[in-house]
Amino acid sequence: MNAHATPTATLSTSVLTPAAQPVITVRNLTKSYGGNRILERVNLDIEEGAFISVVGASGCGKSTFLRMLLAQELPTSGQIMLDGAPIPHEPGPDRGVVFQRYSVFPHLTVRQNVMIATEFGASPIWSRLFGKAKRKLREEADATLERIGLAHMANAWPSALSGGMQQRLAIAQALAKRPRVLLLDEPFGALDPGTRVSMHQFLLELWRETGMTVFMVSHDLSEAFTLGTRVLVFDKPRWDPHDPTAYGATITYDFKLDDKKQEAIGELSFGPPEHQ
Amino acid sequence: MRWINRKPGRPLLVFLAALPFVLTLIAYMAGSAARLAENPRDKFMPAPTTLLERAGELISEPDRRKGYVLFWADTWASLDRLARGVAIAAALALAFGLLIGLFPTVKALFSSYVSAISLIPPLALAPILFIALGLGEVSKIALIVIGTAPVMIRDLAQRTIEIPQEQIVKAQTLGASSWQIMTRIALPQVMPRLIQAVRLGLGPAWLFLIAAETVSAEAGLGYRIFLVRRYAAMDVIIPYVIWITLLALLIDYALRQTSRLAYGWAEPEAQG
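Definitions and cut-offs
Numbering of residues starts from 1 in every chain and runs along the sequence as written. Chain labels run from A onward and ligand labels from 1 onward, assigned in the order the entries are written. Two thresholds apply to this predicted model, a pLDDT of at least 70 for residue-level local features and 80 or more for giving and counting side-chain atom pairs, whereas whole-chain, interface and lining totals are computed over all residues. By convention in this description, side-chain values take in all heavy atoms of the structure and omit both hydrogens and water. In this text, helices come from DSSP runs of H or I with a minimum length of four residues, and strands from runs of E with a minimum of two, each type numbered from the N-terminal end. Here a helix's expected span is defined as the number of its residues, less one, multiplied by 1.5 Å. In this scheme, the bend at a residue equals the angle between the axes fitted to the seven residues that finish there and the seven that begin there. Domain ranges listed in this record stem from an automatic or a database domain assignment. Pairs of residues are marked as contacts when any of their non-hydrogen atoms sit within 4.5 Å. By buried area we mean the combined loss of accessible area, with a 1.4 Å probe, across both parts when two parts are placed together. By convention in these notes, a salt bridge is any Lys or Arg side-chain nitrogen within 4 Å of a carboxyl oxygen on Asp or Glu. Definition of a polar contact: a pair of N or O atoms within 3.5 Å, with one able to donate and the other able to accept a hydrogen when the atoms are protein atoms, and with sequence-neighbouring residues admitted only if both atoms are side-chain atoms. Amino acids are sorted into nonpolar (Ala, Val, Leu, Ile, Met, Phe, Trp, Tyr, Cys and Pro), charged (Asp, Glu, Lys and Arg) and polar (every other residue, Gly among them). For every residue, the accessible area (1.4 Å probe, protein chains only) is compared with the maximum for its type, and the residue is labelled buried under 20%, exposed over 50%, or partly exposed between those bounds. In this analysis, strands are considered paired if DSSP registers two or more bridges between them. With the strands aimed away from the viewer, a crossover counts as right-handed if its path from the first strand over the helix to the second runs clockwise.

With that out of the way, let us pick up helix α6 (residues 137–161) of chain B. Over its 25 residues, α6(B) extends 35 Å from the first C-alpha to the last, a length consistent with the 36 Å expected when each residue adds 1.5 Å. If you look at α6(B), its biggest bend is around 35°, right at A149(B), and the proline P150(B) turns up within four residues after that.

Spelled out as structure tokens, the structure:
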């Protein structure tokens with residue numbers, strides 16, 4: 001993957017067309033903290049290969065919803081299914097994640113951050129590979145770093161990286177386990193506008209290349225519409241002025257943008273290539 | 001300009017830092033001179049020259065009966081106890097801190113217990129230790145451990161809890177087990193804090209070491225000070241106190257350097 005790639009003339013339509021079996025199915029989901037209702041009656045089917053953007057006012061429960069997809073939090077009632085089976089009650093390698101902050105491990109070098117997922121899988125006790133296996137993994141990690149443009153920082157600590165570089169590393173790390181769905185919680189919220197644009201391009205190219213399913217929470221409307229094939233809006237349809245916490249938010253708008261997507265991607269790819 | 005915004009320049013900084021030391025020295029010399037003028041045989045405040053002379057004898061002349069230099073034997077005996085006690089306390093702090101910080105079950109089991117233990121004044125336990133464990137080395141080391149470990153455990157547990165939840169979740173999405181999260185994510189991240197905790201714990205550790213040595217010992221810096229106290233031998237006590245201070249300073253410096261060299265990721269400015 002190269003951030004400078006010239007735009008491809010034809011887009012593979014397979015990633016843009018919804019597949020028959022939804023990756024994620026949400027049925028009648030509610031979430032309350034004590035008597036404070038955050039979400040209610042949330043129903044959703046996420047089709048394979050979709051790029052879902054979620055927007056909504058702060059405190060509307062969109063991040064809470066993402067944490068429930070992650071199983072970092074559990075719903076008060078309702079169901080979340082992954083490939084037709086209830087999701088496990090804890091985070092796992094089938095759902096990758098990138099948070100706004102603290103997404104990479106500060107005590108590991110850039111290269112080690114890429115290597116660690118494989119090491120977890122291959123070495124249950126030491127979480128480390130040695131000898132030939134380690135050399136092979138290093139080469140693979142270096143190839144990944146080359147693709148995401150961080151080869152020159154392989155031995156640096158993450159604290160030496162810019163915000164955009166850290167998020168690129170976090171995305172590459174999250175994809176190491178080939179998750180069924182990539183969850184992004186305001187991943188570019190802390191970046192400056194220029195870096196953001198090049199990060200959008202980076203993410204779109206990755207998405208097109210891998211055909212993965214992406215679920216991104218954003219507070220930036222234009223970002224949501226630029227990137228998503230589908231934009232969900234979370235809001236409270238019912239409002240009790242005497243008890244603002246009585247009702248929760250739900251999905252109030254569901255825009256499917258498949259047609260506009262072609263144009264949007266075209267525009268982005270013709271934009272000036274940017275590096276941060 | 002407000003006083004809170006006035007920052008001393010380099011020469012003033014050095015002068016200000018040295019000032020309290022110099023003033024203390026001057027005050028001592030004045031006091032010593034005054035007392036010696038009144039009574040040349042005064043033992044309470046020996047002249048600095050006398051102190052230097054005595055310090056030279058202390059570190060070089062073997063004891064007539066024992067045949068070796070007491071000063072170095074005392075130093076070795078004390079450092080040995082201190083190192084053992086602090087090492088055990090640090091190992092306990094690391095193990096329990098990580099377990100309490102990461103596992104809700106272990107936290108439920110030990111958190112209140114450790115908090116309660118850390119409130120017991122360790123010196124009040126000293127007699128129990130001496131009765132239960134005898135007057136040998138074990139009880140002295142045990143006093144250091146009991147005096148420093150609970151606070152260090154609480155500190156390390158807190159540091160472990162403070163590791164951003166995002167990282168713990170991320171590790172799980174990368175397929176890490178509880179064990180792997182503890183050993184490869186949490187452990188390396190609390191190591192700099194452990195060194196920090198040891199640095200802070202060394203103060204109390206010296207206190208409990210010297211307290212233990214005053215009760216019963218055959219050698220040790222604290223033992224020697226309390227032994228010669230009977231003869232009001234300030235010419236021995238003062239060099240010993242200065243030596244203990246120097247040792248504490250050196251150990252602290254060594255730990256700080258270790259932390260900087262070994263955990264560069266924790267200090268953004270020390271890239272390399």
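Now, onward.
All names here are of chain A. Assigned domains of chain A: these are domain 1 (20–94 + 180–276) and domain 2 (105–178). For domain 1 versus domain 2, the distance between C-alpha centres works out to 26 Å. Taken residue by residue, the interface counts 15 residues in domain 1 and 13 residues in domain 2. Carbon and sulfur atoms make up 73% of the surface buried where domain 1 meets domain 2, a total of about 1,100 Å² over both sides. One can count 0 salt bridges joining domain 1 with domain 2. Viewed at the interface, domain 2 and domain 1 are joined by 1 residue pair in polar contact (both at pLDDT 80 or more). For the side of domain 1 that touches domain 2, the element with the most residues is helix α5 (residues 193–210), which contributes 6 residues. A breakdown of the residues in the side of domain 1 that touches domain 2 according to their chemical character gives 10 nonpolar, 3 polar and 2 charged.

For chain B, the assigned domains are domain 1 (3–45) and domain 2 (70–266). Each of domain 1 of chain B and domain 2 of chain B has a C-alpha centre, and the two are 33 Å apart.

Attention shifts here to the pairing of strand β8 (residues 213–217) of chain A. Residue and element names in this part refer to chain A. Counted residue by residue, β8 has 5 buried out of 5 residues, so it is predominantly covered. The two faces of β8 match: T213, F215 and V217 on one face and V214 and M216 on the other face are all buried. Two elements, strand β3 (residues 51–56) and β8, share 4 bridges in a ladder whose sense is parallel. Considered in β8, the bridge of V54 is made with V217. Pairing of strand β7 (residues 181–185) with β8 involves 5 bridges; the strand directions are parallel. The residue of β8 that forms the bridge with L182 is V214. Crossover β7 to β8 through α5 is right-handed.

All names here are of chain A. One pass over the structure, following the stated rule, counts 28 salt bridges over all chains. The salt bridge partner of R111 is D142, with a shortest N-O separation of 2.8 Å. On the criterion of sequence distance, the pair formed by R111 in helix α2 (residues 110–122) and D142 in helix α3 (residues 131–147) is long-range, its members being 31 residues apart. Salt-bridge contacts for R196 lead to E223; the nearest nitrogen and oxygen are separated by 3.8 Å. Here R196 is found in helix α5, whereas its partner E223 is found in helix α6 (residues 221–227), with 27 residues between them in sequence. Residue R196 is classed as buried on the basis of its relative accessible area, which comes to 13%. When salt bridges that share partners are traced, they join R37, E40, R41 and R238 into one network.

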